[in-house]
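# Survey of secondary and tertiary structure
Residue-level listing of the chains:
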Amino acid sequence: MPAIPTALPWSSSQSFDEHQWVIQIRRTFEDEIEEDDDDGLAVSIFNVPKTLMANKPEAYVPQQVAIGPYHHWRPELYDMERYKLSSAKRIQRQLGFEFFRLIDHLLKLEPRIRCCYHRYLDFCGETLCWCMAVDACFLLEFLQIFSTGEGKALASVCSRMSHLLDNVGSKSAHNAILRDITMLDNQIPLFLLRTILGFQHSSSQVEDLLHSMLVGLCKQVSPFKMTGDLQSVNITRHAHLLELVYFVIMPKSKVTTEITETEEYSEADESSRGLSETGENTIGKLLKRIWSLNCSPVLLIKRVIFSRPVLVFVKIVWKILFNLPVFAVVKQPIEHLCFSQGNENTGEDEEESVEDNQPPLFEEITIPCVTELFYAGVKFAATNGDLSTISFDKKTVTLYLPRITLDVNTEVVLRNMIAYEASAASGPLVLSRYTELMNGIIDTKEDAKLLRERGVLINHLQTDTEVADMWNGMCKSVRLTKVPFLDKVIEDVNRYYNGRWKVKLRQFMNGYIFVSWRFLTLMAAVMLLLLAGLQATCSLFKCDEW
């Protein structure tokens, strides 16, 4: 599809140049491919949404090296140009012919290159191809270090680049480049890498070599432990590096299957849910069923309780009793303790049908933090898998979370995968929902410490405080979404937590006792004054004789 120019050849400070505008539009129609001849190519390299960019810009803007056209002209990244040119010269020696031949071949792919980018590329064709060729050569040389562990015989990295590239990944420059090449704005199409390798190797070797490098990169940057068969990953289906990392970490088909199974499970177990509830809910359901019987004793009890004289008497006593100063203080706590659970159960069925059709608001994603859940008896366990392994076992009261490794690169990788998901995903934002869940349960360093001790978090950062700050910073979502299996986990955890009497008692103490300590102090002072007055009166009038 032809790109519409958004970066026009004038700025607000310049006068409008009609002739230059016509030249620009004519070039667009002449150079771009027609809509019917694009072979189904779709935009795959997007801009980071502004709502995410405003939260932490440095996580989305490359700091070390520019890959692709979006950040190519930034002056602060020019220091890496000489290393990129050195990589291109070494590739030229390996090709055995002049680099211009590669440029001529890429000029034929220029329309296909432009189709991959969401933003209009205000480059002429030759400039764009030179930019892509040099950046692709540098990226290939960087990716070589990730395939050495696969036993591939690759050319050793030049000594001039040795301070930038590191097989172990302990050098700061290496990690900076690794973060930059996984940013959404800093991507180039993978078919460019395949094209350059095609001049050096046969078609079968190209796929094996590229597969080895990209799988090694995914293992390096993935925060989750990969348990699947990575050798079966089809790299030809993915447009760029970040898209490949996203789908390797979270396969779309697997998540969809897990969602379907969770929904079927919840529907199938709806009739037998009372067997797995806690003792309070079981007794409540039993009393409700007895109350719904139409036998003579039950009907007689109903008739007596709901008779008009009894109802009037109860209302009068209730108003008189709790309008007194002393009892008015405990009226709301008693209603909270005695009737909150019943109100939740009665209103649950009515609200369920309405909530199912509405996406959850961010403010509604409320879940207790790890320390509060641990106080309520919830246990935490780590799983070796992707996000579909998140679950809550009601019988063992265990919240299962995937094991995640946190290092200096994790936040940038997660943020840019969230940005890609928001730009390209047509279904639920599963990764965004996961980060909201982690942000909800991790508030302080104590929460991070508990998860680290349970093996859910493998912390390679300096402190647990950094872990808490990282998750609390990734709470911005671009749009509302519902992920059924994650929403069900959140709902089950909240239902268990709110149903615990120790939690209710603590909430009662915090909400009504500790908050109203000034009023209780005043009441105690008044009582002391009354008792002192009574004692003085008795001593004056000799109450003991009465």
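Residues numbered from 1 in each chain as written. Predicted model: local features only at pLDDT ≥ 70, side-chain atom pairs only at ≥ 80, totals over all residues. Heavy atoms only, no water.

### Some words on the packing of aromatic side chains
All chains considered together, the criterion is met by 11 aromatic pairs. Considering the side-chain rings of Phe100 and Trp130, the 5.6 Å spacing of their centres and the 80° angle between planes classify their relative orientation as edge-to-face. Taken together, the positions of Phe100 in helix H4 (residues 99-108) and Trp130 in helix H6 (residues 125-143) put the pair 30 residues apart, joining distant regions of the chain. Overall, Trp130 belongs to the partly exposed group, its relative accessible area being 28%. A centroid spacing of 6.2 Å and a plane angle of 55° characterise the contact between Phe392 and Tyr496, whose relative ring orientation is tilted. Of this pair, Phe392 sits in strand E2 (residues 391-393) while Tyr496 sits in helix H21 (residues 484-498), placing them 104 residues apart in sequence. For Phe392, a relative accessible area of 11% corresponds to the buried category. Taken together through their ring pairs, the aromatic side chains of Phe99, Phe100 and Trp130 make up a single cluster. Sitting over the ring of Phe191, Arg112 keeps its end group 4.0 Å from the ring centre. (Phe/Tyr/Trp six-rings, centres within 6.5 Å; stacked < 30°, edge-to-face > 60°. Helix = DSSP H or I, 4+ residues; strand = E, 2+ residues; numbered from the N terminus. Buried < 20%, exposed > 50% of the residue type's maximum accessible area, 1.4 Å probe, protein only. Lys NZ or Arg CZ within 6 Å of the ring centre and 35° of its normal.)

### Focus: the pairing of strand E3 (residues 398-402)
Across the five residues of E3, four count as buried, placing the element largely inside the fold. Note that strand E1 (residues 379-383) and E3 share five bridges and pair parallel. Within the sheet, the bridge partner assigned to Ala381 lies in E3 and is Tyr400. Between E2 and the antiparallel strand that follows it, E3, lie four residues; Val397 among them carries a positive phi value of about 55°. (Pairing = 2+ DSSP bridges.)

### Quick look at the side chain of Ser222
Following the sequence through the fold, Ser222 ends up in the loop between helix H9 (203-221) and helix H10 (241-249). Reaching out from Ser222, the side chain makes a polar contact with the backbone oxygen of Phe224 at a distance of 2.8 Å. (Polar contact = N/O pair within 3.5 Å; in protein donor to acceptor, adjacent residues only side chain to side chain.)

### Here's the deal with the packing of helix H7 (residues 172-181) against H9
Running from N to C, H7 and H9 cross one another at 105°; their axes reach a closest spacing of 12 Å. The angle between H7 and H9 places the two elements in the roughly perpendicular class. Counted together, His174, Leu178 and Ile181 of H7 and Leu217, Gln220 and Val221 of H9 form the full contact between these two elements. A class-by-class count of the residues in the contact of H7 with H9 yields four nonpolar, two polar and no charged. (Axes fitted to C-alpha atoms, helices over the stretch in contact; angles between N-to-C directions. Parallel < 35°, antiparallel > 145°, perpendicular 65-115°, else oblique. Contact = heavy atoms within 4.5 Å. Nonpolar A, V, L, I, M, F, W, Y, C, P; charged D, E, K, R; others polar.)

### Remarks on the nonpolar core
In terms of nonpolar packing, the biggest core is built from 120 residues, with Ile441, Leu451, Leu457 and Trp471 touching the most fellow members. A per-element tally of this core places H6 first, with 12 residues. Aside from chain neighbours lying at most four places away, what touches Leu451 is Val370, Phe380, Leu401, Met438, Ile441, Ile442, Val456 and Leu457. (Core = buried A, V, L, I, M, F, W, Y, C linked by side-chain atoms within 4.5 Å.)

### Some points on the confidence of the model for the protein
For the protein, per-residue confidence averages 76 on the pLDDT scale, and 65% of positions sit at 70 or higher. Considering only residues more than four positions removed or in separate chains, one finds that residues 33-38, a stretch of pLDDT under 50, has eight contacts. Note that residues 150-155 has pLDDT below 50 and, in this model, 10 contacts with residues that lie over four places away or in other chains. (pLDDT = per-residue confidence, 0-100.)

### Side note on a nonpolar patch on the surface
Together, Leu522, Val526, Met527 and Leu530 make up a nonpolar patch on the protein surface, roughly 380 Å² of accessible area in all. With respect to the helices and strands, Val526 occurs in helix H23 (residues 517-541). Judged by relative accessible area, which is 36%, Val526 ranks as partly exposed. (Patch = residues over 30% accessible without salt bridge, like charges linked within 9 Å, V, L, I, M, F, W, Y side chains within 5 Å. Areas by Shrake-Rupley, 256 points an atom, 1.4 Å probe, with all protein chains shown as cover. Salt bridge = Lys/Arg side-chain N within 4 Å of Asp/Glu carboxyl O.)

### A closer look at H4
Side chains of residues three or four places apart in an α-helix project in the same direction, reflecting 3.6 residues per turn. When we look at burial in H4, the residues that qualify are Phe99, Leu102, Ile103 and Leu106. Projected down its long axis, H4 shows its buried positions confined to an angular sector of 100°, all on one face. Structural note: H4 exposes Phe100 and Lys108 on the side pointing more than 90 degrees away from its buried face. In the core, the buried residues of H4 are packed alongside helix H3 (81-95), helix H5 (110-115), H6 and helix H8 (190-198). (Arc of directions from axis to C-beta.)

### Description of the pattern of salt bridges
As enumerated under the stated definition, the model contains 16 salt bridges in all. In this structure, Glu81 engages Lys84 in a salt bridge whose closest nitrogen and oxygen atoms are separated by 3.0 Å. Here Glu81 pairs with Lys84, and both are found in helix H3, just three residues apart, close to one helical turn. No difference in accessibility class separates Glu81 from Lys84, as the two residues are buried. Close ionic contact of Asp487 with Arg433 constitutes a salt bridge, the shortest N to O distance being 2.5 Å. With Asp487 in helix H21 and Arg433 in helix H18 (residues 430-441), the pair connects residues that are 54 residues apart, well separated along the chain. Among the residues examined, Asp487 registers a relative accessible area of 14% and is labelled buried. Beyond isolated ion pairs, a larger network of salt bridges with shared partners links Lys394, Lys488, Glu491, Asp492 and Arg495.

### Details of unusual backbone geometry
We note that Val397 has phi near 55°; this positive angle belongs to a residue other than glycine. Within the fold, Val397 resides in the loop between E2 and E3. With a relative accessible area of 12%, Val397 lands in the buried category.

### Quick notes on the sheet that holds E1
One open sheet accounts for three strands, arranged E1-E3-E2; its pairing is mixed. Two strands in the sheet have a free side with no partner beyond their single neighbour: E1 and E2. Across the sheet, the mean angle separating the axes of adjacent strands is 25° when strand polarity is ignored. Where H21 meets the sheet, its contacts fall on E2 and E3, and the angle it forms with E2 comes to roughly 35°.

### Notes on H6
Taking 1.5 Å per residue, 19 residues should reach 27 Å; H6 reaches 27 Å between its end C-alpha atoms and fits that length. Most of H6 sits out of view: 16 of its 19 residues are buried. (Expected span 1.5 Å × (residues − 1).)

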